[in-house]
Structures are given as C-alpha cells and as structure tokens.
Amino acid sequence: MSKRWNLVIDVAKCENCHNCSLSVKDEHIGNTFPGYAAPQPKHGHEWIKIERRVRGEGSMVDAAYLPTMCNHCDDAPCVKKAPDVVRKREDGIVLIDPERARGRRDIVEACPYGAIWWNEEEQLPQAWIFDAHLLDQGWREPRCAQSCPTGAIRSLKLEDPEMRRVADQEQLEVLRPELSTRPRVYYRNLYRFTKCFIGGSATALINGFSECAEGAQVVLLKRGTEIARATTDTFGDFKFDGLEGDSGSYEVKISHPQLGNASVEVALGTSQYVDNIQLTG
C-alpha cells in the first residue's frame, strides 16, 4: 500500500494571517509549471480561501477562520466529470491538466466545494495543486504548511490505515461529509466554525456587592437530561460549545455551596451569551 498526501488544518490555530493564500499566489502568479499548472491570474482567484465566522454576543464573542481549498478527493466529482482531463495520482493528489482542460468550464461546476476557479484569460479551470511540482522535487510539505506561523496547517504523507488512525485520534473531520467525496483535507476543531455555544456569567451578592461567582457548578440539560457540565472561572464565566444551531430549548442550572443556585432557559438559534445570572440562596 502506497503512502498518500493529506492536509490537516486546525481551525483553533488559524489567525487569518493569509500566509497560506499569499504563498500560493507567490508561487503561481506569473509562473508556468508545465504538466502541473498554468499561471494563476493576478486578481479574482483564491485557490486557498479563508472564510470567517463570528459567534456570540456581549462579552463572549469569538471568531473562527476556515482555510478552504481543493480537497483532493478520492472520489472526486471533477475526475468523474472529465477523466481524460483531471487525474488522481497514486499519492492522492488531484491535478487538472493545464493543456487538455482548456475550454472546459463545465469542470468548474463539477466541484461541490467551489474550489475550482475559471481563468478567463487562459480559458482554463484551475485549483490548488497541493504544490505537487515542489513535492515531486523533494519538498517535504507544500508552501501553505511551510509558511503557516501558528502550525495551523500541516501535511502528512501516510498509508490510508495510518491516516484513519490519526483522524480518529485527533477527532478530525472533513467538510460536507454527506457528499461522500472522501476528501484528503481534514479539519481539527471544526466545531469552532460549524457549531454553536451557550455561555454565560454567574454572579452573587457577597458582602452586599454583586461579585463574580467563581467555582460554581454548571449543568446543561436538554429535555431534562444532562448533556454537559462545567465550572465557572475567576470571572464567573462558563461555556458549552459544540452545540447544533437551531436546536431548541436548553436549561442551564448553576449551583454553589455557599453562594446559592440559579436556573435559566435558553432557546438556541445561534450562539447565545447569558449575562449576569444571579445566584440566590
């Protein structure tokens, strides 16, 4: 069994610096790599595109960044659409032939992820090539991984059973698994982009003043069943993440042996922050 390339992106580590997308532009704008890719246009193409999602409100807000690109799928719709033009290499990389693909705008529409771009000047469909031209020269990783300052992007060349073990161990996910395209781009902490949270701040009257309730036990219930548990921090804050959006009503119960108890209902559409939940004896 041969080893194949995979890309792992940690959403929690991406800081939107755009080094990955800039490295692709630096490599491909104005450069021709025969057999691999024609030049990328100066404007309009984002072979690596970073999407942004902001969650929460008030004093509990976070932003997540999601680099997206060609997934180099094992069951790639573009290969099925044009097997004489798009090929899947033994090492897992999908390449669009820069000569045979001329005029084939239909290949752009074949990608359900929107990762293939139409080069009007060259009359050519194009996508991120995993820097196959560099890997074939002995590079150990594509430039997007090399240039990432936070380690959010890393490449792995592994046999498939070993990659499945890594995916299970690190709880990796792929985009739109319902498409069954078997992508080779995996994501860690994808919940930061795809899921919602319920958070809040607990307070209590201490010596006549409203203070943060540190160390309170917080239980999240759905239809009376406990689904998660947390402890408030120094600021009285708590957060339950990884919840499905538009998933209905939840109950948050807070208790502290000295400061009292509180309960609040939360209807979860998008991420919700409940401020100043007052504990009472």
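On a predicted model such as this, the values are computed, not experimentally measured, just so you know.

About the cut-offs
Residues numbered from 1 in each chain as written. Predicted model: local features only at pLDDT ≥ 70, side-chain atom pairs only at ≥ 80, totals over all residues. Heavy atoms only, no water. Core = buried A, V, L, I, M, F, W, Y, C linked by side-chain atoms within 4.5 Å. Buried < 20%, exposed > 50% of the residue type's maximum accessible area, 1.4 Å probe, protein only. Pairing = 2+ DSSP bridges. Helix = DSSP H or I, 4+ residues; strand = E, 2+ residues; numbered from the N terminus. Axes fitted to C-alpha atoms, helices over the stretch in contact; angles between N-to-C directions. Contact = heavy atoms within 4.5 Å. Salt bridge = Lys/Arg side-chain N within 4 Å of Asp/Glu carboxyl O. Phe/Tyr/Trp six-rings, centres within 6.5 Å; stacked < 30°, edge-to-face > 60°. Lys NZ or Arg CZ within 6 Å of the ring centre and 35° of its normal.

Caption draft 1: Region of the structure containing the nonpolar core. Leu7, Met69, Val86, Ile116, Trp128, Ile153 and Tyr187 are the most contacted members of the largest nonpolar core, which has 53 residues in total. Ranked by size, the runner-up nonpolar core spans 21 residues in total, among them Ala213, Phe238, Val252 and Leu268.

Caption draft 2: The sheet that holds strand 9 (residues 185-188), seen in detail. The strand order across the open sheet formed by three strands is 8-1-9, and the pairing between neighbours is mixed. Every interior strand has two partners, whereas the edge strands, strand 8 (153-158) and strand 9, have only one. Neighbour-to-neighbour, the strand axes of the sheet open up by a mean angle of 25°, direction not taken into account. Of the pairings in the sheet, the one linking strand 1 (residues 4-10) to strand 8 comprises six bridges and is antiparallel in character. By the bridge assignment for strand 8, Ile9 is matched with Ile153. This element, helix 6 (residues 160-169), spans strand 1, strand 8 and strand 9 of the sheet and lies at about 145° to strand 8.

Caption draft 3: Main features of the pattern of salt bridges. Evaluated as defined, the whole model comprises 23 salt bridges. In this structure, Asp62 engages Lys239 in a salt bridge whose closest nitrogen and oxygen atoms are separated by 2.9 Å. Of the two residues, Asp62 is situated in strand 3 (residues 60-68) and Lys239 in strand 14 (residues 237-243); the sequence distance between them amounts to 177 residues. With its nearest N and O atoms 2.8 Å apart, the salt bridge here joins Asp160 to Arg184. Of this pair, Asp160 sits in helix 6 while Arg184 sits in the loop between helix 6 and strand 9, and the two are 24 residues apart along the sequence.

Caption draft 4: The packing of aromatic side chains, seen in detail. Taken as a whole and assessed by the stated rule, the structure comprises three aromatic pairs. Relative to Phe130, the ring of Trp5 has its centre 6.0 Å away and its plane inclined at 45°; by these criteria the two rings are tilted. With Trp5 in strand 1 and Phe130 in the loop between strand 7 (124-126) and helix 4 (132-135), the pair connects residues that are 125 residues apart, well separated along the chain. Considered together, Trp5 and Phe130 belong to a single accessibility category, that of buried residues. Measuring from centroid to centroid gives 5.9 Å for Phe238 and Phe240, while their planes differ by 55°, and the two rings are tilted. Both residues of the pair, Phe238 and Phe240, count as buried. A cation over a ring is seen here: Lys239 above Phe197, with NZ or CZ 4.4 Å from the ring centre.

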